[in-house]
Amino acid sequence: MTDSVLVAQCSFDLTASSDQADYLVLVPEGVFRGVDGRPFDAPHWLLTPERGRQIVAALNQRNIDMVIDYEHATLKSQVSGEPAPAAGWLKSESFRYIDGVGICSAQFEWLDKAKGFIESGEYKYLSPVLFYNKLGEVLALINVALTNTPALDQLPEAKLAAAAQEFFALNNDEDSTMKEFLELMRKKLGLAETATDEEFLVAANSAFTKLDDAFGTAFVKSEQTLVAAIEQAIEVKAAANSQTTPDPAKYVPMAVYQEAVAKAGNADAAVKAKEIDDLIVAACSDGRLTGEATINWVKDQAKTNPDFVKAHLEGLPKIAALSQRQTETINLGGGQQQKQLTPEVQQVATLMGIEIKAGE
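These lines cover the structure that appears in this document, whether it is placed above or below. Nothing here was measured: the structure is a model prediction, and the numbers come from that model.

Focus: the pattern of salt bridges
Now for step 1: Applying the stated criterion across every chain, the model contains 5 salt bridges.
Now for step 2: Here Lys91 makes a salt bridge to Glu109, at a shortest N to O gap of 3.4 Å. Taken together, the residues span a long stretch of sequence, with Lys91 in the loop between β7 (86-90) and β8 (95-98) and Glu109 in strand β10 (residues 108-110) at a distance of 18 residues.
Now for step 3: Classification of Lys91 as partly exposed rests on a relative accessible area of 28%.
Now for step 4: The class of Glu109 is partly exposed, set by a relative accessible area of 34%.
Now for step 5: Note that Lys274 and Asp278 form a salt bridge whose closest N and O atoms lie 3.1 Å from each other. In this pair, Lys274 and Asp278 are both assigned in helix α9 (residues 254-285), 4 residues apart and thus about one turn of the helix distant.

Considerations on unusual backbone geometry
Now for step 1: The phi dihedral of His72 is positive, around 60 degrees, even though this residue is not glycine.
Now for step 2: Relative to the helices and strands, His72 is located in the loop between β6 (66-70) and α3 (73-80).
Now for step 3: With relative accessibility at 0%, the residue His72 sits in the buried group.
Now for step 4: One non-glycine residue, Glu93, lies in the positive phi region at around 65 degrees.
Now for step 5: If you trace the backbone, Glu93 turns up in the loop between β7 and β8.

Points about the packing of aromatic side chains
Now for step 1: Going through the model one piece at a time under the given rule, you end up with 6 aromatic pairs.
Now for step 2: On the numbers, 6.2 Å between centres and 90 degrees between planes, the contact of Trp297 with Phe308 is edge-to-face. Of the two residues, Trp297 is situated in helix α10 (residues 292-304) and Phe308 in helix α11 (residues 306-315); the sequence distance between them amounts to 11 residues.
Now for step 3: Trp297 sits in the partly exposed class, given a relative accessible area of 39%.
Now for step 4: For Phe308, a relative accessible area of 34% gives the class partly exposed.
Now for step 5: Within the aromatic cluster, the residues linked to one another by ring pairs are Phe32, Trp45 and Tyr132.

Section: the sheet that holds strand β9 (residues 102-105)
Working definition: the strands of a sheet are paired by backbone hydrogen bonds and lie parallel or antiparallel to each other.
Now for step 1: Pairing is antiparallel in the open sheet, where 3 strands are placed in the order β3-β9-β8. Each edge of the open sheet is held by one strand with a lone partner, namely β3 (24-28) and β8. Strand after strand, the sheet turns through a mean of 30 degrees between neighbouring axes, direction not considered.
Now for step 2: Contacts between helix α2 (residues 49-59) and the sheet are confined to β8 and β9, with β8 contributing the most and set at about 170 degrees to the helix.

Re the nonpolar core
Now for step 1: In this structure, Leu26, Phe32 and Leu146 are the most contacted members of the largest nonpolar core, which totals 33 residues.
Now for step 2: Here this core gets 4 residues from one element, more than from any other, and that element is strand β12 (residues 138-147).
Now for step 3: Aside from chain neighbours lying at most four places away, what touches Leu146 is Leu14, Ile68, Asp69, Tyr70, Glu71, Ala87, Trp110, Ala114, Ile118, Tyr123 and Tyr125.
Now for step 4: Core analysis: the next-biggest nonpolar cluster, separate from the first, contains 10 residues, Ile276, Val298, Ala302 and Leu313 among them.

Here we look at the side chain of Ser127
Now for step 1: By the secondary structure assignment, Ser127 is in strand β11 (residues 125-132).
Now for step 2: Given a relative accessible area of 0%, Ser127 falls into the buried group.
Now for step 3: Separated by 2.8 Å, the side chains of Ser127 and His72 make a polar contact.
Now for step 4: If sequence neighbours within four positions are ignored, Ser127 has contacts with Gln9, Cys10, Ser11, His72, Asn143, Val144, Ala145 and Thr147.

Thoughts on the pairing of β6
Now for step 1: With 5 of 5 residues buried, β6 lies mostly within the body of the structure.
Now for step 2: Because side chains alternate across β6, one face comprises the buried residues Met66, Ile68 and Tyr70, and the other comprises Val67 and Asp69, equally buried.
Now for step 3: Both β6 and β12 contribute to a ladder of 3 bridges, which runs parallel. Within β12, the residue paired with Ile68 across the bridge is Val144.

Rules behind the numbers
- Residues numbered from 1 in each chain as written.
- Predicted model: local features only at pLDDT ≥ 70, side-chain atom pairs only at ≥ 80, totals over all residues.
- Heavy atoms only, no water.
- Salt bridge = Lys/Arg side-chain N within 4 Å of Asp/Glu carboxyl O.
- Helix = DSSP H or I, 4+ residues; strand = E, 2+ residues; numbered from the N terminus.
- Buried < 20%, exposed > 50% of the residue type's maximum accessible area, 1.4 Å probe, protein only.
- Phe/Tyr/Trp six-rings, centres within 6.5 Å; stacked < 30°, edge-to-face > 60°.
- Pairing = 2+ DSSP bridges.
- Axes fitted to C-alpha atoms, helices over the stretch in contact; angles between N-to-C directions.
- Contact = heavy atoms within 4.5 Å.
- Core = buried A, V, L, I, M, F, W, Y, C linked by side-chain atoms within 4.5 Å.
- Polar contact = N/O pair within 3.5 Å; in protein donor to acceptor, adjacent residues only side chain to side chain.

All quantities given are derived from atomic positions and should not be read as evidence of function.
As structure tokens, then:
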């Protein structure tokens, strides 16, 4: 427990608690004070339902019954070593938080001697020992006793605090468990052994921020638990992994797609190039293209603007003489004689790189 945690015993009229047949009220809900006006170091004591349920949960984790002693003898024995006989017992796992009432025990047992004292009025008050902070907020229930004195006059407050701290450490493993947890968190967060509470908080927030950056999801939410954040991170990672293995029936690797597109483009370009070459050859044959310079110019244009060349050739006039067959067989005197090629046809063939001989 930290230095800011205070300890004191308070007293309630036992008759009021004993009127409840089904449960014994140990700490009342809301704002309250002891019969002697305590606390003197806080504005009051305060038990909220939320804190009350937390205290009950911790009490029910104990494996032994809680003793109800006389005059807080159990705490005094931590200092004096004197016997501390039981007046009664609060059964383990019997603690309940009842809204509007407070922390209660649903299974309590008074021993015969204590019953006689209570019935005869020799003991009048039920006195719980509490841990609380400077605001008066109740943090833990340590011990319960029968008493007739509102304050522990026989035991100074400093010794009461030491005795209560020791008793709590021996009978509740919350401190050791918390120490183990903090040690684990310190190592996981990379903190020094001397790390303060503020440094723990800064490091934890930094870790959550890194989760945000890593998974692109807001984990730092006041209502979200660490377990929920981790589970959400796992879901995000699983979703991302599932997207990296696409269905091969629907998707192909980018390299395969690009290769297919390139091949299709090359094939289309080859078809267009052959089409233009055929048009140029035909234009040379029928007289639409003549002259080496003209033919070379058309070929150069075809490399970058085939559609222009195609339209240009289609608009040129044909020479009728060259659009006819260049080789004819003429019957002369019962025999056949090959017609000679004209100079124009021979020139076009030469420009096209084609060798044509008469009679062929």
